[in-house]
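Each chain, written out:
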Amino acid sequence: DPTGEPEGILTRASEKYHPNAKNTDRIDATLLALVRNEEVDDMVSSMIDLERTWNKKFNYPWTFFNDKPFTEEFKKKTSAVTNAKTYYEVIPDEHWDKPAWIDDQIFAESAKVLEENGVQYASMMSYHKMCRWNSGLFYKHPALKNTRYYWRVEPKVHFFCDIEYDVFRYMHDNNKTYGFTINLYDDPKTLPTLWPETVKFLAEHPDYLHENSAMKWLTDDVHRPDHNRQAQGYSTCHFWSNFEVADMEFWRSQAYEDYFNHLDRAGGFFYERWGDAPVHSIALGMLEDANKLHWFRDIGYQHIPFFNCPNSNKCKGCVTGRFTDGEAWLHREDCRPSYFQHVGMS
Ligand code: GDP
Ligand code: MN
């Protein structure tokens, strides 16, 4: 638009990105949510935020996943708050069930010990299944066969800032693999053997380590204020994966497939409480070019109790620079300074 007049741009954008547009500029991408039927109202509230700040301009489809069939109520309420297409998918049992090599007795005993040590959700089987599915299975769902990029959205999150550009096109055109907003330390008690298993994997596959990896970030032992919480060589700093915008070609690569299978066999998704966030982060930090990781500083975001709040007049309801509105100790969970030092600001 030669006059630079924003309304003109938006009018044209909304024609190009009309939900039924044939010659669309849209990338093969979807908004993606794993969610339970009973979370429908919190899902709708996340959708309303993201539609208002971004997706109403682009109309990327929403794809919902569940281990149980979605109810009519869920379909009705979620499809009512977007103009885009909505898809409702059931996860096949072979992707969700506990694998055959996981022993119930060992699971129960280790969960007991983890809970005694204060690890939340340790005995909740569905939480372990969820973390494993998010780590290594979601992108294998047949419904995503022709989809390359996704933006993961959880129920009850908030988006604060108007985003005028196509985030998926940005990823594609700038050759980015993974975008995040928040970087946190993890509780080392959830993953005592994750780093030792990773070291074993790397010894078996030295070629998989990328020549421009972010290993210095993964192994940083300086920034963490509370040093004894480092986990056997892993800083525990991870991309907080309830927000992620990513290229599934990475998860679908042989290197990641081999890494996930190694971890899956090792048992820590059940006998410990490995999260998909540290698993994704370690994989990206060692197997991917660090230049392909991107901090979305401009996307205002909250998942309780943490925020990413940009300094911009495009944001409403987000206090600039706020990281948490929770207790004081939560401020020490931010590990972006370590990330910026070792990887940079891009
Ligand atoms: P937290 O953020 O670590 O506390 O975990 P959440 O309870 O928010 O779970 C993460 C995401 O997975 C959310 O989008 C949940 O709706 C979803 N989720 C967790 N467990 C299940 C489950 O058993 N079934 C389904 N369908 N979704 C789940
Ligand atoms: Mn959550």
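That block above? That's the structure.
These numbers were taken from a predicted model, which means no experiment stands behind them. (Residues numbered from 1 in each chain as written. Chains lettered and ligands numbered in written order. Predicted model: local features only at pLDDT ≥ 70, side-chain atom pairs only at ≥ 80, totals over all residues. Heavy atoms only, no water.)

Trainee: Explain the overall build of the protein chain to me, and be specific about the residues and the numbers.
Mentor: A tally of regular secondary structure across the protein chain gives 14 helices and 12 strands. Scaling as 2.2 N^0.38, a compact globule of 346 residues should have a C-alpha radius of gyration of about 20 Å, and the protein chain matches this with 20 Å. Along the first, second and third principal axes, the C-alpha set of the protein chain runs to 60 × 45 × 45 Å. When each of the 346 residues of the protein chain is scored for burial, the buried share is 52%. Sequence separation of 24 or more characterises 79% of the internal contacts of the protein chain that already satisfy a separation of 6 or more. Summing over all exposed atoms, the protein chain offers an accessible surface of approximately 15700 Å²; the carbon and sulfur share of this is 49%. Across the protein chain, the mean location of the 39 positive side-chain charges is 3 Å away from that of the 53 negative side-chain charges. (Helix = DSSP H or I, 4+ residues; strand = E, 2+ residues; numbered from the N terminus. Rg over C-alpha atoms; globule rule 2.2 N^0.38 Å. Buried < 20%, exposed > 50% of the residue type's maximum accessible area, 1.4 Å probe, protein only. Contact = heavy atoms within 4.5 Å. Areas by Shrake-Rupley, 256 points an atom, 1.4 Å probe, with all protein chains shown as cover. Lys, Arg positive; Asp, Glu negative; His and termini not counted. Charge placed at Lys NZ, Arg CZ, Asp CG, Glu CD.)

Trainee: Please set out the coordination of the manganese ion (ligand 2) residue by residue, giving values where relevant.
Mentor: Listed as protein donors to the manganese ion (ligand 2) are Glu 154 (OE) and His 303 (NE2); their distances from the metal cover 2.0 to 2.3 Å. Separated by 149 residues along the polypeptide, Glu 154 in the loop between strand S4 (149-152) and strand S5 (158-159) and His 303 in strand S11 (residues 301-303) bring together distant segments of the chain. (Donors = N, O, S within 2.8 Å, 3.2 Å for Na, K, Ca; no water.)

Trainee: Give me the site of ligand 1: which residues, what numbers.
Mentor: What surrounds ligand 1 is a group of 14 residues, the closest being Leu 34, Glu 39, Asn 66, Asp 67 and Tyr 127. Taking Arg 36, its side chain carries an N or O atom lying 2.9 Å from a nitrogen atom of ligand 1. In the model, an oxygen atom of ligand 1 is placed 2.5 Å from a nitrogen or oxygen of the Tyr 127 side chain. For ligand 1, the protein covers 84% of the area, taking 560 Å² as the surface of the free molecule. When residues of the shell around ligand 1 are assigned to their parent elements, the largest contribution, 3 residues, is made by helix H6 (residues 125-136). For the shell around ligand 1, the per-class residue count stands at 7 nonpolar, 3 polar and 4 charged. (Near = heavy atom within 4 Å. Polar contact = N/O pair within 3.5 Å; in protein donor to acceptor, adjacent residues only side chain to side chain. Nonpolar A, V, L, I, M, F, W, Y, C, P; charged D, E, K, R; others polar.)

Trainee: Kindly report on the packing of helix H2 (residues 40-58) against helix H3 (residues 72-79), identifying the contributing residues and their values.
Mentor: Their axes nearest at 9 Å, the elements H2 and H3 cross at an angle of 15°. Between H2 and H3, the angle is such that the two are roughly parallel. Handedness of the H2/H3 crossing: right-handed. Each of Val 40, Asp 41, Met 43, Val 44 and Met 47 in H2 lies in contact with H3, whose residues at this interface are Glu 73, Phe 74, Lys 77 and Thr 78. Taken together, the residues of the contact of H2 with H3 sort by class into 5 nonpolar, 1 polar and 3 charged. (Axes fitted to C-alpha atoms, helices over the stretch in contact; angles between N-to-C directions. Parallel < 35°, antiparallel > 145°, perpendicular 65-115°, else oblique. Left-handed = near helix turned anticlockwise from the far one by under 90°.)

Trainee: Break down the environment of Thr 30 for me, with residues and values.
Mentor: Residue placement: Thr 30 occurs in strand S1 (residues 29-34). Taking relative accessible area as the criterion, Thr 30 reaches 2% and is therefore assigned buried. When the C-alpha positions of Thr 30 and Tyr 149 are compared, they lie 6.6 Å apart, and in sequence the two are 119 residues distant. Aside from chain neighbours lying at most four places away, what touches Thr 30 is Pro 61, Trp 62, Thr 63, Leu 144, Thr 147, Tyr 149, Tyr 150, Trp 151 and Phe 168.

Trainee: Residue-level account of helix H11 (residues 254-266), with values.
Mentor: The periodicity of an α-helix, 3.6 residues per turn, causes residues three or four places apart in sequence to face the same way. Between the first and last C-alpha of H11 there are 18 Å, a value that for 13 residues agrees with the 18 Å anticipated at 1.5 Å per step. All of the buried residues in H11 are Ala 255, Tyr 256, Tyr 259, Phe 260, His 262, Leu 263 and Asp 264. Summarising the contacts, the buried residues of H11 are in contact with H6, helix H8 (194-204), helix H10 (248-251), helix H12 (268-271) and helix H13 (276-287). Positive backbone phi, approximately 95°, marks Gly 267, located one or two places after H11. (Expected span 1.5 Å × (residues − 1).)

Trainee: So what's going on with the state of the cysteines? Residues and values would help.
Mentor: Taken as a whole and assessed by the stated rule, the structure comprises 3 disulfides. There is a disulfide in this structure between Cys 161 and Cys 315, and the S-S distance comes to 2.2 Å. Taking the sign of the torsion about the S-S bond as the criterion, the disulfide between Cys 161 and Cys 315, at about 105°, is right-handed. One end of the pair, Cys 161, is in the loop between S5 and helix H7 (167-173); the other, Cys 315, is in the loop between strand S12 (306-308) and helix H14 (336-342), and 154 residues separate them in sequence. Here Cys 309 connects covalently by a disulfide to Cys 318, the sulfurs 1.9 Å from one another. Measuring handedness by torsion sign, the sulfur bridge of Cys 309 and Cys 318 sits at about -85° and is left-handed. Residue classification places Cys 309 among the buried residues on the basis of a relative accessible area of 8%. With its bonded cysteines labelled in order along the sequence, the protein chain shows the pairing 1-4, 2-6, 3-5. Between Cys 131, a cysteine without a disulfide, and Cys 335, which holds the nearest cysteine sulfur, the sulfur-to-sulfur distance is 17 Å. (Disulfide = S-S within 2.5 Å.)

Trainee: Break down the nonpolar core for me, citing the residues and quoting the values.
Mentor: Counting 55 residues, the largest nonpolar core has Phe 138, Trp 251, Tyr 256, Tyr 259 and Met 286 as the members making the most contacts within it. Here this core takes 6 residues from H13, the largest share from any one element. Filtering out sequence-adjacent residues up to four positions away, Trp 251 remains in contact with Phe 138, Tyr 139, Tyr 150, Tyr 178, Ala 246, Tyr 256, Glu 257, His 280 and Leu 284. Formed by 38 residues, the second largest nonpolar core is a distinct cluster that contains Leu 31, Val 40, Tyr 149 and Phe 168. (Core = buried A, V, L, I, M, F, W, Y, C linked by side-chain atoms within 4.5 Å.)

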